[in-house]
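Report on the structure
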4 protein chains.
Amino acid sequence: MSRRIPVAVLGATGTVGQKFIRLLADHPWFEVTAVAASSASAGRRYEDVVRWREPVAIPPSVAGLVIQKCAPPLPGQIVFSALDAEIAGPIEQEFARSGSYVVTNTRTHRMDADVPLLIPEANAEHLALIDRQQKERGWTGAILANPNCSTAALALALAPLHRAFGVERLFVATMQAVSGAGYPGVASLDIIGNVIPHIGGEEEKIERESRKILGALSNGAVQPAHFAVSAHTNRVPVVDGHMMAVSVGLGRRVSPDEALAALRDFRGPPSVAGLPSSPNPPIEVDSRPDRPQPRLDLDRGGGMAVTVGRVRPCPILDLRFVALGHNTVRGAAGQGVQIAELLVAEGRVDRGPGPERGQ
Amino acid sequence: MSRRIPVAVLGATGTVGQKFIRLLADHPWFEVTAVAASSASAGRRYEDVVRWREPVAIPPSVAGLVIQKCAPPLPGQIVFSALDAEIAGPIEQEFARSGSYVVTNTRTHRMDADVPLLIPEANAEHLALIDRQQKERGWTGAILANPNCSTAALALALAPLHRAFGVERLFVATMQAVSGAGYPGVASLDIIGNVIPHIGGEEEKIERESRKILGALSNGAVQPAHFAVSAHTNRVPVVDGHMMAVSVGLGRRVSPDEALAALRDFRGPPSVAGLPSSPNPPIEVDSRPDRPQPRLDLDRGGGMAVTVGRVRPCPILDLRFVALGHNTVRGAAGQGVQIAELLVAEGRVDRGPGPERGQ
Amino acid sequence: MSRRIPVAVLGATGTVGQKFIRLLADHPWFEVTAVAASSASAGRRYEDVVRWREPVAIPPSVAGLVIQKCAPPLPGQIVFSALDAEIAGPIEQEFARSGSYVVTNTRTHRMDADVPLLIPEANAEHLALIDRQQKERGWTGAILANPNCSTAALALALAPLHRAFGVERLFVATMQAVSGAGYPGVASLDIIGNVIPHIGGEEEKIERESRKILGALSNGAVQPAHFAVSAHTNRVPVVDGHMMAVSVGLGRRVSPDEALAALRDFRGPPSVAGLPSSPNPPIEVDSRPDRPQPRLDLDRGGGMAVTVGRVRPCPILDLRFVALGHNTVRGAAGQGVQIAELLVAEGRVDRGPGPERGQ
Amino acid sequence: MSRRIPVAVLGATGTVGQKFIRLLADHPWFEVTAVAASSASAGRRYEDVVRWREPVAIPPSVAGLVIQKCAPPLPGQIVFSALDAEIAGPIEQEFARSGSYVVTNTRTHRMDADVPLLIPEANAEHLALIDRQQKERGWTGAILANPNCSTAALALALAPLHRAFGVERLFVATMQAVSGAGYPGVASLDIIGNVIPHIGGEEEKIERESRKILGALSNGAVQPAHFAVSAHTNRVPVVDGHMMAVSVGLGRRVSPDEALAALRDFRGPPSVAGLPSSPNPPIEVDSRPDRPQPRLDLDRGGGMAVTVGRVRPCPILDLRFVALGHNTVRGAAGQGVQIAELLVAEGRVDRGPGPERGQ
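Residues numbered from 1 in each chain as written. Chains lettered and ligands numbered in written order. Predicted model: local features only at pLDDT ≥ 70, side-chain atom pairs only at ≥ 80, totals over all residues. Heavy atoms only, no water.

A look at the interface of chain A and chain B
Taken together, the contacts link 47 residues of chain A with 46 residues of chain B. For the pairing of chain A and chain B, the buried interface totals around 3,500 Å² over both sides, and the portion due to carbon and sulfur atoms is 60%. Looking only at chain A, the three residues that lose the most surface to chain B are A:Pro197, A:Arg295 and A:Ile316, adding up to 18% of its buried area. At the junction of chain A with chain B, the criterion picks out 23 residue pairs in polar contact (both at pLDDT 80 or more). (Contact = heavy atoms within 4.5 Å. Buried area = accessible area lost by both parts, 1.4 Å probe. Polar contact = N/O pair within 3.5 Å; in protein donor to acceptor, adjacent residues only side chain to side chain.)

What to know about the packing of aromatic side chains
Taken as a whole and judged by the stated rule, the model has 18 aromatic pairs over all chains. Seen from their ring centres, B:Trp29 and B:Phe30 are 6.4 Å apart, and the 85° between their planes marks the pair as edge-to-face. For B:Phe30, a relative accessible area of 0% gives the class buried. Pairwise contacts between aromatic rings join A:Phe20, A:Trp29, A:Phe30 and A:Phe80 into one cluster. (Phe/Tyr/Trp six-rings, centres within 6.5 Å; stacked < 30°, edge-to-face > 60°. Buried < 20%, exposed > 50% of the residue type's maximum accessible area, 1.4 Å probe, protein only.)

Brief notes about the pattern of salt bridges
This structure, assessed with the given rule, holds 93 salt bridges over all chains. The partner of B:Asp112 in a salt bridge is B:Arg137, with the nearest N and O atoms 3.2 Å apart. You can see B:Asp112 sitting in the loop between strand S5 (101-104) and helix H5 (120-123) and its partner B:Arg137 sitting in helix H6 (residues 129-137), a full 25 residues away along the chain. Note on B:Asp112: relative accessible area 21%, which makes it partly exposed. Take B:Arg137: its relative accessible area is 27%, and that puts it in the partly exposed class. Among the ionic pairs, C:Asp114 bridges to C:Arg137, the shortest N-O distance being 2.6 Å. Taken together, the positions of C:Asp114 in the loop between strand S5 (101-104) and helix H5 (120-123) and C:Arg137 in helix H6 (residues 129-137) put the pair 23 residues apart, joining distant regions of the chain. For C:Asp114, a relative accessible area of 6% gives the class buried. (Salt bridge = Lys/Arg side-chain N within 4 Å of Asp/Glu carboxyl O. Helix = DSSP H or I, 4+ residues; strand = E, 2+ residues; numbered from the N terminus.)

Details of the pairing of strand S5 (residues 101-104) of chain A
All names here are of chain A. On S5, burial covers both faces: Tyr101 and Val103 on one face and Val102 and Thr104 on the other are all buried. By the bridge criterion, four bridges tie strand S4 (residues 78-81) to S5 in an arrangement that is parallel. Paired with Val79 across the two strands is Val102, which belongs to S5. Handedness of the crossover joining S4 and S5 through helix H4 (residues 85-97) is recorded here as right-handed. By the bridge criterion, four bridges tie S5 to strand S6 (residues 142-145) in an arrangement that is parallel. By the bridge assignment, Val103 is partnered in S6 with Leu144. (Pairing = 2+ DSSP bridges. Right-handed = clockwise from strand over helix to strand, strands pointing away.)

Here we look at the relation of the copies chain C and chain A
For the pair chain C and chain A, the superposition axis carries a translation of 0.0 Å, the fit reaches an RMSD of 0.0 Å, and the rotation angle comes to 180°. A rotation of that kind, with that shift, is consistent with a two-fold axis. Taking C-alpha positions as the reference, the residue of chain C nearest the rotation axis is C:Gly193, at 3.2 Å. A shared binding surface is used by both copies, with 100% of the interface residues of chain C retained as interface residues in chain A. (Least-squares fit on C-alpha atoms with pLDDT ≥ 70 in both.)

Some remarks on the state of the cysteines
Under the counting rule described, the total for this entry stands at zero disulfides over all chains. Looking at C:Cys314, it has no disulfide partner, and the nearest cysteine sulfur is the one in D:Cys314, 12 Å off. (Disulfide = S-S within 2.5 Å.)

Topic: the relation of the copies chain A and chain B
Its rotation angle being 180°, the transformation that places chain A on chain B also includes 0.0 Å of axial translation and leaves an RMSD of 0.0 Å. Both copies present the same face, since 98% of the interface residues in chain A are matched by interface residues at the equivalent positions in chain B.

Comments concerning the sheet that holds strand S2 (residues 30-37) of chain D
Strand order in the open sheet formed by six strands is S3-S2-S1-S4-S5-S6 (chain D), with parallel pairing between adjacent strands. Each edge of the sheet is formed by a strand with only one pairing partner; in this case those strands are strand S3 (68-69) and strand S6 (142-145) of chain D.

A few points about unusual backbone geometry
Cis rather than trans, the peptide bond between A:Tyr183 and A:Pro184 has omega equal to 0°. In this structure, B:Asn219 is a non-glycine residue whose phi angle is positive, near 55°. Relative to the helices and strands, B:Asn219 resides in the loop between strand S8 (216-218) and strand S9 (221-223). The phi dihedral of C:Arg310 falls on the positive side, at around 55°, and the residue is not glycine. In this structure, C:Arg310 sits in strand S13 (residues 306-313).

Overview of the confidence of the model for chain A
Residues and elements named next belong to chain A. Counting all residues, the mean pLDDT for chain A is 96, and 97% of those residues have values of 70 or more. Confidence drops under pLDDT 50 across residues 354-359; counting only partners more than four residues distant or on other chains, this segment forms 15 contacts. The ipTM for the predicted assembly is 0.95, set against a pTM of 0.96. (pLDDT = per-residue confidence, 0-100.)

What about the interface of chain C and chain A?
In this assembly, 11 residues from chain C lie in contact with 11 residues from chain A. Both sides of the chain C and chain A interface together cover about 1,000 Å² of buried area, and 43% of this is carbon and sulfur. The largest share of the area that chain C buries against chain A comes from C:Arg53, C:Arg295 and C:Leu296, three residues that together contribute 45% of it. One can count two salt bridges joining chain C with chain A. A per-class count over the side of chain C that touches chain A returns four nonpolar, one polar and six charged. (Nonpolar A, V, L, I, M, F, W, Y, C, P; charged D, E, K, R; others polar.)

Quick word on the sheet that holds strand S1 (residues 5-10) of chain A
Residue and element names in this part refer to chain A. Read from one edge to the other, the open sheet built from six strands follows the order S3-S2-S1-S4-S5-S6, with strand pairing classed as parallel. The open sheet is flanked by strand S3 (68-69) and S6, the only strands paired with a single partner. As paired elements, S1 and S4 share four bridges and run parallel to each other. Each residue of the ladder has a partner; that of Val9, found in S4, is Phe80. Strand contacts of helix H1 (residues 15-24): S1, strand S2 (30-37) and S4, with the helix running at about 160° to S1, the strand carrying the most contacts. (Axes fitted to C-alpha atoms, helices over the stretch in contact; angles between N-to-C directions.)

Quick look at the structure:
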């Protein structure tokens with residue numbers, strides 16, 4: 001009966017997989033019709049296998065699905081991948097080869113030259129990379145990636161500044177939530193009442209991915225943005241929400257008011273602004289002196305907005321500010337869903353048989 | 001019977017006051033013989049008034065002391081002040097005028113040109129400022145200050161780098177414990193599972209005090225060090241221990257190994273290294289990739305050592321690292337006690353009648 | 001233009017007052033048209049005074065309201081009181097005398113013989129006490145109270161057991177969230193990584209209020225239920241959600257399956273079940289061995305459902321179980337709103353001019 | 001050169017193994033001369049393998065030890081076992097058969113009829129069970145067990161009440177620290193800002209072990225104490241320290257003052273009181289209304305004392321109180337060390353060659 005587009009979720013039992021399923025539960029365009037996980041889980045009902053961690057019930061339409069193996073074919077053109085990086089590569093490639101659009105949260109393909117690393121408000125035009133990907137790899141599907149969880153919030157906050165003034169240098173110290181490490185992830189003995197000043201590989205991801213995201217598309221390739229990034233990553237005893245203290249050097253002296261205007265006025269292209277998952281505005285500026293805070297500001301824009309506060313001059317670079325993003329929504333599953341929406345809006349994926357799905 | 005030097009504690013019932021009393025409980029040189037607090041508490045026994053927060057019992061020798069008003073005379077030449085900044089100024093001045101050496105944790109006088117702001121390993125020579133202070137103010141006593149809690153750890157970690165290479169620019173993002181805000185301080189509703197990206201006045205203190213501490217004494221005045229500081233301060237749900245992510249620009253290119261050697265080899269002047277509260281070494285370098293951490297490394301050197309880790313190149317400035325200090329020991333009461341020890345070691349305060357106290 | 005019933009909130013700037021305002025923001029029947037607070041705040045705009053702690057924005061219709069003093073007249077027949085117990089009594093009485101129905105979260109009048117202490121699913125018939133209250137006190141309005149935050153969850157969980165089997169003895173150990181203490185409430189220094197085994201007055205409230213709530217109405221008076229209660233109350237580092245471990249002795253031997261059936265099948269009277277704030281079902285039974293948990297199960301039924309788990313035999317009394325309730329929704333503001341809804345449904349308060357409000 | 005008794009630690013790299021090593025570091029009688037762990041670690045240096053979690057440095061004398069396999073022979077007559085229960089049984093038996101006194105923290109043998117389950121202050125006489133154990137099993141060594149972590153604190157707190165008045169019924173609701181689950185143990189995603197009302201097998205252990213510990217030795221067998229126990233176990237976001245709310249029914253009506261006197265006056269037998277690890281007194285009574293608390297009272301008696309507070313009448317049974325014990329000291333490694341001390345003091349283990357070790 002449904003006129004919604006069928007989609008599948010790979011790695012559906014993990015924390016990001018669960019978040020995909022939750023976000024897709026009442027999605028106006030998509031419907032989860034297949035869930036896949038490790039072969040140990042395949043063949044069993046989703047609700048019998050998953051250690052469900054979301055604070056709402058498992059969507060009834062998914063609870064009873066029988067888990068499938070992570071191999072094509074699965075119904076539908078869109079496959080969301082929440083697979084572990086250790087195994088994701090070949091599986092995702094196999095799906096893309098066989099015609100699926102794989103929107104992946106995994107780091108494996110993010111830096112591939114022909115894989116778009118997307119924050120649609122910031123770089124929707126990078127979607128064109130999949131033409132090259134399909135041509136060069138001979139695939140009928142494609143792989144599209146969302147950024148690393150902390151990079152997603154950072155790059156979105158930087159996008160209007162980079163567009164308006166040019167980012168040249170960047171210092172960022174993160175305070176990241178434990179959900180960013182998956183489940184079981186960080187041991188409670190390690191983090192209760194504590195700070196861990198190290199997250200493996202995270203600083204490199206921030207430094208690398210942010211330049212790709214904010215890079216310019218030219219002749220079918222992304223020229224990374226030319227800024228230097230110094231990242232200091234830390235884990236703090238917070239459940240959800242990555243905070244970051246940022247200092248940024250720009251192409252010219254910019255006053256806090258100019259920056260605030262750029263942040264506040266920032267909108268993605270109209271085709272992105274109209275997507276179901278797109279927050280409006282994508283960046284919320286809060287002028288209260290002690291904001292944003294993870295527990296109070298996490299869910300702005302349904303977890304898709306980034307909140308920026310404390311925009312002020314920096315004694316070394318140009319500006320200082322604080323940014324907060326929801327690491328499992330804008331920084332993972334929600335970002336993936338929005339990318340899939342972009343695929344549909346751009347006509348890359350069939351809208352399905354009926355008229356009622358659109359809105 | 002005691003041959004120890006009598007000392008008094010002002011603001012003895014607050015959290016820093018309690019820490020003074022705990023640290024002085026078994027001190028080889030000092031003995032708390034007077035406690036003073038607000039007039040509401042004066043006249044009552046210490047143990048009947050204090051809401052004792054230390055995880056050991058109230059020292060029996062202090063428990064039964066009758067609380068006095070915060071006004072001279074109090075027995076002994078040394079007075080530790082843990083008063084609120086709102087009221088500290090006139091009280092501390094009155095004690096100094098009447099002959100006491102007031103070692104204060106309060107911010108009020110820290111930036112006075114004739115008040116030494118001391119981390120003895122880093123700037124013991126600033127003690128000479130009190131000659132000028134006594135002369136110009138006509139006091140027989142003096143006021144000496146310990147730095148702000150986060151500045152203390154930062155400036156100690158910077159001291160060897162500044163001495164060896166010259167600090168020119170500095171980014172620091174702090175993750176500070178709730179004990180830094182006193183009691184009741186930060187509401188649990190605000191901080192459980194949360195981060196607050198703002199601590200009133202803290203960024204200014206870091207930027208200002210670190211330059212004074214690392215400044216050079218010349219003609220009886222401190223010339224502040226000439227480096228620019230960009231501080232981002234945050235409160236995290238940690239009980240004790242201020243963490244900080246630091247990037248530093250130096251007078252020349254310095255390799256991590258050079259910096260590590262400078263940090264590891266750093267010692268205060270011999271007169272400081274021998275003080276009862278001086279840790280040896282003052283800076284502990286930990287090479288494990290995820291250290292320091294507040295819960296595991298807080299008590300190094302009895303809470304007086306600063307732990308530095310993750311020394312690595314910085315893509316923007318020269319070096320990046322993480323530092324941790326115990327905010328109520330090195331960053332408050334312990335620092336005060338060490339300053340008082342310096343006064344004794346330098347002969348500024350009489351050692352008392354007998355031979356047994358020294359060691 | 002609105003056809004909704006105008007209501008006022010007393011103590012509107014505190015945490016419970018904020019929760020009232022949030023819950024009433026999109027209420028189908030009610031509209032906040034007046035906010036009142038201390039005279040220090042009166043005359044200023046709500047959004048300029050409140051330290052807003054809810055993770056959503058202040059409802060625009062309330063943000064601009066000018067705060068009034070806590071004295072009649074205020075528009076509307078229904079007044080929600082989130083006043084401090086120290087001052088609530090005379091103010092609430094004055095409103096009731098002048099014709100308002102005061103639904104109070106304050107403890108002051110809870111145990112008054114003519115004040116109904118309401119959990120509508122459990123004791124809607126106690127509403128009749130206000131007839132006596134109005135007659136004896138000569139008031140045209142009335143005072144109605146919601147229970148203490150931990151009692152609300154406990155008594156609702158007990159209601160079906162008491163109805164079916166008769167509760168005779170009760171052991172309850174609570175693990176209560178910090179939001180139960182208001183703002184600033186519990187100091188973070190006291191509770192991070194800690195448990196405080198004492199909440200002033202709470203054990204007495206649980207023991208006293210639960211008997212009144214589950215008592216029988218007879219001749220215009222509530223005969224308290226005849227069970228003995230042993231309460232052990234504890235504060236834990238949780239933001240929202242009161243957990244409780246319960247052992248209960250019943251009028252006869254009852255198997256866990258019988259108890260589960262009673263809990264699952266429990267419904268309030270039809271007039272209550274249809275109220276906008278009434279969860280369906282009021283008690284959710286979770287059979288997973290490690291549930292309920294505050295963070296995962298707090299918001300069931302919009303925060304109005306109580307979740308019960310681990311129903312099993314007790315070696316001493318008859319049954320053991322775990323219960324969880326949202327302390328600021330079912331245990332405070334949400335309970336108050338539901339009581340006001342009951343007033344409307346029972347025809348005690350005019351529904352207002354138009355037909356569109358009801359539904 | 002050392003005259004201390006050589007001891008070995010099995011499972012030396014886990015959290016309890018680490019605690020053994022820390023507690024034994026400066027022990028007056030014992031010296032760790034061998035560490036054993038899984039075959040994957042065997043052959044490597046201890047400091048290169050262990051993920052050291054204690055907030056002090058690895059004892060230098062242990063850091064360089066080469067890890068051995070968990071099989072005899074290991075030097076010394078005393079072997080501390082911190083092995084996982086899944087593998088402990090045969091290994092511990094093999095050591096006991098070959099002449100070692102195995103003091104185990106593992107649950108495997110605790111309820112064996114011929115294995116003493118020891119809290120020396122409460123039941124040192126149960127040590128005699130090893131005569132039967134050696135005779136019946138034909139072993140020259142023996143297995144001795146310390147109780148489960150929460151049971152240890154509970155049974156010690158109950159011991160004086162049981163001795164003086166006879167415990168007949170017992171409610172206990174625990175709030176247990178995450179360190180009780182080992183490492184990595186509880187996922188931070190599960191417990192930050194949360195409570196988990198279930199710890200697998202813990203309630204059964206409390207109910208079973210407490211009766212054995214407080215049972216009477218008669219004809220070479222322990223007759224379990226005849227009281228009924230209803231346990232409710234919960235995990236809370238605390239690092240160390242198990243709290244418990246207790247109601248107890250006694251053989252006769254007992255006033256709080258009588259109970260307090262029994263608790264305060266309780267001492268183990270003189271041979272136990274003189275052991276290096278024995279706290280004096282074993283039970284500390286705190287009369288402040290909000291004590292004990294894990295963070296403030298955990299380390300009393302070096303972590304070996306149990307703190308009891310809030311002794312008051314119980315409306316259902318006779319008395320209510322709160323107890324706190326250090327779960328990895330009194331509830332694990334510290335208890336094991338004290339048991340080994342008892343073995344030495346009772347002459348079961350040779351004191352070694354020289355006179356200087358004893359004191």
